[in-house]
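Residue-level structure breakdown
Spelled out from the first residue to the last, the chains are:
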Amino acid sequence: MGKEALSGNQQQEMANTIRFLAADAVQKAKSGHPGMPMGMADAATVLFTQFLKFDPQHPNWPDRDRFVLSAGHGSMLLYALLYLTGYEDMTLEEIKNFRQLGSKTAGHPEFGHAKGIETTTGPLGQGLGNAVGMAIAERHLAARFGDDLVDHHTYVLAGDGCLMEGISHEAISLAGHLKLSKLIVLFDDNGISIDGPVSLSDSTDVLARFKAAQWDVQSVDGHDPAAVAKAIAGAQNSDAPSLIACKTTIGFGSPSKAGSEKSHGSPLGDEDIAGMRAALNWPHAPFEVPDSALTLWRQAGARGAGLHADWRDRKGAAAADVQTAFDAAIAGDLPSSLSTRITEVKQTLSEEAASIATRRVSERVLDAVNEIVRETIGGSADLTGSNNTKGKAISPMTAENYGGRYLHYGIREHGMAAAMNGLALHGGVIPYSGTFLVFSDYARPSMRLAALMNQRVIHVMTHDSIGLGEDGPTHQPVEHLSALRVIPNLNVFRPADAVETAECWELALNARKTPSVIALSRQNLPTLRTAHQADNISSRGAYELAPAAGDAQVSLFATGSEVHLAVAAKQALDGQGIPTRVVSMPCWELFDQQDDGYRRTVIGNTPVRIGVEAATRQGWDKYLGMDGAFIGMDGFGASAPYQDLYRHFGITVENIVAKATSLLN
């Protein structure tokens, strides 16, 4: 963005304002991390006063630069910057209430708590991964709508911990491969972690590592504003993503704890802060911001208004159809024709009544979706042919073609999931991608954060049970459905057939504030719903698929690839004069949201309840009751053809029938 540099005294006073707000807030809260904000105050002041493009009066301006505090423990740096630059909902009172219940100033930045917090960070490395997704979204939208509407940077402040975490390796290699030149990382190179010097546990040449990943790298004195400014200006002109290692002193200004782990994660103490006030010539009381500093900070916050106004003029001059498409993309709206198209796909699938793997049905649904929903960006962690996530309507995104809509993430499940969060947070795109369900273990931390941040992120997870067969127990998910279902605000879909698969996709796309997992089969499954129904029956999470002929004695509850086994067992039990009903449960989370009357009706009151799922029992008892039976897995799988595995583990029609009859006797 550029601006004439501040004088040395002005720069120091502004940076010291950050330092003392951080130290005072942590001291008042009796917990927190003052060291990083104190160490990076100089670099942050340069960034926010000379380079960052933002408008506090319009914090959601689509073409603003993104600032991601990946080192989220240093949250007071961000809160101080938001207050000082004039964000309306970040007040001095909020700063004083740091880490208190109900405040906007949580211990780690929480997306949605206050404007200007671009993502939830705290688990180290996640912010860096999110930033890669944001930078991808920026390049893609620029390719779609042009630089007049989309042309901004993504800045990251990361620490040693962020760069030690494994996710950082995945994130930086992907960013380097895609040549995301508008991604700039400021590395707080203070050499300190919680245990002490970083040298206790790590001897990596960080700059060499980034350079090997095709990044531009620089190293500067983080307390030299002119050097930092020169480095950022250089990074802005690079044709690669940039790392600027800012050599800093953690806890800068503290007379007894500067440069020590003692300033990392604990209050400095009244005596130390008093000494710091003397050392930095700061005569002001706690939380007192001198008018001279606040005026300069507010001027820095106001300088983006003109750029924002220019952008609005450019947008207004764009063709009407471009403006409409841009606004719809940023709003996250789905085209009104989507529901009709999904209904048409469902009708075709019902009429075909094919035996087909739900992963392959998903590909057909995506072909229809991707033709209509221009905002989707798909991908896979090197399993495109297995996940069936690409389809015909989209082409790969590369460093030479950011207009593509399919990302080859490589074998980087964690980095992929974090980047998807960043794509969603940036806005203008709807991310989905694929891997095997068992590898949700690699992606889970990012999936949890998507749920925490209320982001529409769709994970296509195929090979969802022992039904994948010969690859064996390392690849066969057993506990994974249960593990995902316990994450709040995450919809876990496991469709039973082709029609439910189409319905689950429609529900996931319409879940604006909830991420989704769509668990899909490798093996073929029969189409059970051959009579077309326009309504999305799966929207209620569970429903009676096959009613009993007469007063039901047995209720069979199942998901996914086991529903057809339950239907066959019902037919056998009916033949024995035992009226049986089948309930398909494609999404427990949606079912749990239904009113009490509907849930009671679906659960029913039959003497026998049996759950059937090729997974562990955990979670099923809330539907089956303590006396209910379960047919599934109580240990790991094995390597064999899937038909043999289902027989070996007793997940068969015969076993369901035998269990039902034994419980009735």
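This text goes with the structure placed above it.
Read on for a plain summary of the structure. Since the structure is predicted, the reported quantities are computational estimates derived from the model, not experimental observations.

1. Some remarks on the pattern of salt bridges
Considering all chains together, one arrives at 25 salt bridges under this definition. D596 is the salt-bridge partner of R600, the closest N and O atoms lying 2.7 Å from each other. Pair noted here: R600 and D596 are both in helix α23 (residues 596–603), with a separation of 4 residues, about one helical turn. Residue D596 is classed as partly exposed on the basis of its relative accessible area, which comes to 39%. Taken together, the shared-partner salt bridges in this structure form one network comprising K346, E503 and R529.

2. Digging into unusual backbone geometry
Of note, the phi angle at N281 is positive, near 55 degrees, even though the residue is not glycine. Turning to its location among the elements, N281 is positioned in the loop between α10 (270–279) and α11 (291–302). For N281, a relative accessible area of 64% corresponds to the exposed category. In the Ramachandran plot, D382 falls in the positive-phi region, its phi being about 65 degrees despite a non-glycine side chain. Tracing the backbone through its elements, the reader meets D382 in the loop between β9 (376–380) and α16 (384–387). Residue D382 is classed as exposed on the basis of its relative accessible area, which comes to 52%.

3. A short note on the pairing of strand β18 (residues 580–584)
Along β18, 5 of the 5 residues are buried, which leaves the element largely enclosed by surrounding structure. Side chains T580, V582 and S584 project from β18 onto one buried face, and the interleaved R581 and V583 project onto a second face that is buried too. In terms of strand pairing, strand β16 (residues 543–546) meets β18 through 3 bridges, oriented antiparallel. In the strand pairing of β18, Y543 is matched with S584. Pairing analysis gives 5 bridges linking strand β17 (residues 554–558) to β18, with the strands arranged parallel. Each residue of the ladder has a partner; that of S555, found in β18, is R581.

4. With respect to the sheet that holds strand β19 (residues 608–612)
Taking strand neighbours across the sheet as the criterion, the 5 strands line up as β16-β18-β17-β19-β20 in an open arrangement whose pairing is mixed. Looking at which strands have only one partner, the edges of the open sheet turn out to be β16 and β20 (629–631). Looking at each pair of strands side by side, their axes are set apart by 30 degrees on average, direction ignored. Contacts between helix α26 (residues 653–664) and the sheet are confined to β17, β19 and β20, with β19 contributing the most and set at about 155 degrees to the helix.

5. Quick look at the environment of I342
Of note, I342 is situated in helix α14 (residues 337–352). For I342, a relative accessible area of 1% corresponds to the buried category. Between the C-alpha atoms of I342 and V46, which are 296 residues apart in sequence, the distance is 51 Å. Leaving out residues up to four positions away in the same chain, I342 has contacts with V365, V369, A502 and E506.

How each quantity is defined
- Residues numbered from 1 in each chain as written.
- Predicted model: local features only at pLDDT ≥ 70, side-chain atom pairs only at ≥ 80, totals over all residues.
- Heavy atoms only, no water.
- Salt bridge = Lys/Arg side-chain N within 4 Å of Asp/Glu carboxyl O.
- Helix = DSSP H or I, 4+ residues; strand = E, 2+ residues; numbered from the N terminus.
- Buried < 20%, exposed > 50% of the residue type's maximum accessible area, 1.4 Å probe, protein only.
- Pairing = 2+ DSSP bridges.
- Axes fitted to C-alpha atoms, helices over the stretch in contact; angles between N-to-C directions.
- Contact = heavy atoms within 4.5 Å.

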